[in-house]
Amino acid sequence: GRFIPDFGKVVAQVQHDMYHTYTVDEHTINAIGILRKIDNGEYEDKFSLASNIIKNIVSKKVLYVSLFLHDIAKGRGGDHSVLGGEVAKNLCPRFSMSSDEIETVIWLIENHLLLSNVAFKRDLDDLNTILDLKNKIQSAELLRLLYVLTVADISAVGPDIWNSWKDNLLKMVYDQTLMEINGGGDEKSRTA
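Residues numbered from 1 in each chain as written. Predicted model: local features only at pLDDT ≥ 70, side-chain atom pairs only at ≥ 80, totals over all residues. Heavy atoms only, no water.

## Some remarks on the packing of helix H8 (residues 127-137) against helix H10 (residues 164-181)
Inclusion rule: Fitted lines through C-alpha atoms give the axes, limited to the stretch in contact for helices. The angle between two N-to-C directions lies from 0 to 180 degrees. Going along the chain from the N terminus, every DSSP run of H or I of four or more residues is numbered as a helix, and every run of E of two or more is numbered as a strand. Roughly parallel refers to an angle under 35 degrees, roughly antiparallel to one over 145, roughly perpendicular to one between 65 and 115, and oblique to any angle outside these ranges. Each crossing is labelled by how the near helix is turned from the far one, with a counterclockwise turn of less than a right angle marking it left-handed and a clockwise turn marking it right-handed. Note on contacts: a residue pair qualifies if any of its non-hydrogen atoms lie within 4.5 Å across the two residues. Amino acids outside the nonpolar list (Ala, Val, Leu, Ile, Met, Phe, Trp, Tyr, Cys, Pro) and the charged list (Asp, Glu, Lys, Arg) are all regarded as polar, and Gly is one of them.
Where H8 contacts H10, the axes come no closer than 9 Å and their chain directions differ by 65°. Judged by the inter-axis angle, H8 sits roughly perpendicular to H10. Read as a crossing pair, H8 and H10 show a hand that is right-handed. Along its contact with H8, which presents Leu127, Ile130, Leu131, Leu133, Lys134 and Ile137, the element H10 presents Val173, Gln176, Thr177, Glu180 and Ile181. In the contact of H8 with H10, the residues fall into 7 nonpolar, 2 polar and 2 charged.

Take a look at the structure:
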């Protein structure tokens, strides 16, 4: 909180919902710990796709900073994703990040709930669901970053939150979106 005063604002901040076991700061630190274990190959069995994807991420610095800042604006009386993007815009230059890296961090923070919202709340059999997601994400690198961030974020909400249902839905969304980003395929290959 002293080095990053915005983080001090979420220290010991309780999240009042049925999912979050930890305070915002605990959740963030847990998420970074999970990301580090994915990055080090310690979670290949639990998070197989994320463990493979992270090897191809261009900027892990962007991933770690985005995860660190993804909930930094919780409790400010507005959409914490949008407000978090504003915090990142002001804070990231202190981390000697390039303008492209800062832009990516802001995008990831503003969209950090996108994959889970699509996977858990939308009809994945509707091609428009995936096409809308592809149009929002637009690149394989952003999809990789967002997927790994989402896995670490969800897993850090509380013990036993991650399950095979969430894992399978997120993998399905990732695979279908990547296929569309890479040029799509015929309808038969999408459903096989």
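## Some remarks on the packing of aromatic side chains
Convention followed: Working definition: a ring pair exists when centres of Phe, Tyr or Trp rings (six-membered ring for Trp) sit within 6.5 Å. Plane angles under 30 degrees give stacked, over 60 give edge-to-face, the rest tilted. Three labels apply to residues, based on accessible area from a 1.4 Å probe with only protein chains included: buried if under 20% of the type maximum, exposed if over 50%, partly exposed otherwise in between.
Within the structure shown, the criterion is met by 4 aromatic pairs. With 5.3 Å between their ring centres and 85° between their planes, Tyr43 and Phe47 make a pair best called edge-to-face. The exposure class of Tyr43 is partly exposed, given its relative accessible area of 21%. Judged by its relative accessible area of 2%, Phe47 falls in the buried class. For the pair Tyr147 and Tyr174, a centre-to-centre distance of 5.2 Å together with 55° between the ring planes defines the contact as tilted.

## Some thoughts on the packing of helix H2 (residues 24-39) against helix H4 (residues 60-69)
Direction vectors running N to C along H2 and H4 enclose 155°, while the axes themselves pass 9 Å from each other. Classified by the interaxial angle, the pair formed by H2 and H4 is roughly antiparallel. H4 is crossed by H2, and the crossing has right-handed handedness. Judged by residue contacts, Thr28, Ala31, Ile32, Leu35, Arg36 and Asp39 of H2 engage Lys60, Leu63, Tyr64, Leu67 and Phe68 from H4. Looking at side-chain class alone, the contact of H2 with H4 contains 7 nonpolar, 1 polar and 3 charged residues.

## Concerning H8
Put simply, the rule is: Regarding the arc, it is the one traced by the directions from the helix axis to the C-beta atoms. In the analysis that follows, any N or O atom pair within 3.5 Å is treated as a polar contact, provided that within protein one partner can donate a hydrogen and the other can accept it, and provided that, for residues neighboring in sequence, both atoms belong to side chains.
Buried within H8 we find Thr129, Ile130, Leu133 and Ile137. Seen end-on, H8 carries its buried residues on one side only, within an arc spanning 90°. The backbone nitrogen of Asn128 lies 3.0 Å from a side-chain oxygen of the residue at the head of H8, namely Asp126.

## Regarding the nonpolar core
Our working rule: In this description, a nonpolar core means a group of buried Ala, Val, Leu, Ile, Met, Phe, Trp, Tyr and Cys residues linked to one another through side-chain atoms lying within 4.5 Å.
Core analysis: the largest hydrophobic core is formed by 57 residues, its most contacted members being Leu69, Val105, Leu115, Ile137, Tyr147 and Val148. Here this core gets 11 residues from one element, more than from any other, and that element is helix H9 (residues 140-155). Setting aside residues up to four positions removed in sequence, Leu115 forms contacts with Leu133, Ile137, Leu143, Leu146, Tyr147, Thr150, Leu170 and Val173.

## Focus: the environment of Val24
Topologically, Val24 is positioned in helix H2. With relative accessibility at 0%, the residue Val24 sits in the buried group. Measuring from C-alpha to C-alpha, the distance between Val24 and Ala73 comes to 9.8 Å, with 49 residues separating the pair along the chain.

## What about the pattern of salt bridges?
The following threshold applies: Here a salt bridge means any side-chain nitrogen of Lys or Arg lying within 4 Å of a carboxyl oxygen belonging to Asp or Glu.
Taken as a whole and judged by the stated rule, the model has 6 salt bridges. A salt bridge links Asp39 to Lys60, with the nearest nitrogen and oxygen atoms 2.6 Å apart. Of the two residues, Asp39 sits in helix H2 while Lys60 sits in helix H4, which places them 21 residues apart along the sequence. What makes Asp39 partly exposed here is its relative accessible area of 23%.

## Regarding unusual backbone geometry
A positive phi angle is found at Ser96, which is not glycine, with a value near 55°. Along the chain, Ser96 falls in the loop between helix H5 (80-91) and helix H6 (99-110). In the Ramachandran plot, Gln138 falls in the positive-phi region, its phi being about 70° despite a non-glycine side chain. Checked against the element boundaries, Gln138 lands in the loop between H8 and H9. According to the relative accessible area criterion, Gln138 is exposed, its value standing at 63%.

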